[in-house]
Amino acid sequence: MFCGFAVAKVTKGVPSVAKIAVAVEFRGCGLGRHMMNELMKAAKKQGNIYDVCLSSLPEAVAFYKHVGFRAYEGLRATTQDDVVEGQVYMEKRLRQRPRQSR
């Protein structure tokens, strides 16, 4: 039985959640939150990953905020092939970046 899936990718050293979906009959059961938590755990284990980003459909922004992402409402994706126009750019900080010595 299909419950849901998540696809993450790394572009220029920054991981992003490309797609996440939960079957209608399983929505509201915490499956999406569980998948996102597991993705964040895997990213943290890498050690050199500080932030995770994604582009959210407007109707999913509340979900991503609930799992700790920050929405940049003024930034909307409009031209990338793998992004639907109108999506909202979001980020989640996993850890503080180390200070660079001068």
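Residues numbered from 1 in each chain as written. Predicted model: local features only at pLDDT ≥ 70, side-chain atom pairs only at ≥ 80, totals over all residues. Heavy atoms only, no water.

Colleague: So, the overall build of the protein chain: which residues are in play, and what are the values?
Modeller: Counting its regular elements, the protein chain contains two helices and five strands. Mapped in sequence order, the helices and strands of the protein chain form the string β-β-α-β-α-β-β. For the protein chain, with 102 residues in total, the buried portion stands at 28%. Considering only contacts within the protein chain whose residues lie at least 6 apart along the sequence, 51% involve residues at least 24 apart. Carbon and sulfur atoms provide 52% of the accessible area of the protein chain, an area that totals close to 7300 Å². (Helix = DSSP H or I, 4+ residues; strand = E, 2+ residues; numbered from the N terminus. Buried < 20%, exposed > 50% of the residue type's maximum accessible area, 1.4 Å probe, protein only. Contact = heavy atoms within 4.5 Å. Areas by Shrake-Rupley, 256 points an atom, 1.4 Å probe, with all protein chains shown as cover.)

Colleague: Could you give an account of the environment of alanine 8, naming the residues involved and the relevant values?
Modeller: On the secondary structure map, alanine 8 appears in strand E1 (residues 4-11). According to the relative accessible area criterion, alanine 8 is partly exposed, its value standing at 47%. In this structure the C-alpha to C-alpha distance between alanine 8 and cysteine 53, which are 45 residues apart in sequence, comes to 9.9 Å. Setting aside anything within four residues of it in sequence, one finds alanine 8 in contact with Ser16, Val17, Ala18 and Leu39.

Colleague: Would you mind going over the pattern of salt bridges in detail, with residue names and values included?
Modeller: With the rule as written, the count across this model stands at three salt bridges. Among the ionic pairs, lysine 41 bridges to glutamate 38, the shortest N-O distance being 3.2 Å. You can see lysine 41 and its partner glutamate 38 sitting in helix H1 (residues 31-45), three residues apart, about one turn around the helix. Relative accessible area serves as the criterion here: at 47%, lysine 41 is assigned to the partly exposed category. Via salt bridges that share partners, Asp51, Arg93 and Arg97 belong to a single interconnected network. (Salt bridge = Lys/Arg side-chain N within 4 Å of Asp/Glu carboxyl O.)

Colleague: Give a description of the nonpolar core that names residues and reports values.
Modeller: Formed by 15 residues in total, the largest nonpolar core has its most connected members in Met36, Met40, Val52, Leu54, Tyr64, Phe69 and Met90. Broken down by secondary-structure element, the contributors of at least two residues to this core are H1, strand E3 (51-56), helix H2 (61-66) and strand E5 (88-93). Not counting the four nearest positions on each side in its chain, leucine 54 is found in contact with Val17, Met36, Tyr64, Phe69, Val88, Tyr89 and Met90. (Core = buried A, V, L, I, M, F, W, Y, C linked by side-chain atoms within 4.5 Å.)

Colleague: Give me the lowdown on H1, citing residues and values where you can.
Modeller: Side chains that are three or four residues apart share a direction in an α-helix, a result of its 3.6 residues per turn. Helix length check: H1 (15 residues) gives 21 Å between terminal C-alpha atoms against 21 Å at 1.5 Å per residue, within 8%. Gly32, Met35, Met36, Met40 and Ala43 are the residues of H1 that are buried. End-on view of H1: buried residues confined to an arc of 135°, all on one side of the axis. Contacts made by the buried residues of H1 are with E1, strand E2 (14-22), E3, H2 and E5. Glycine 47 sits one or two residues past H1 and shows a positive phi near 85°. (Expected span 1.5 Å × (residues − 1). Arc of directions from axis to C-beta.)

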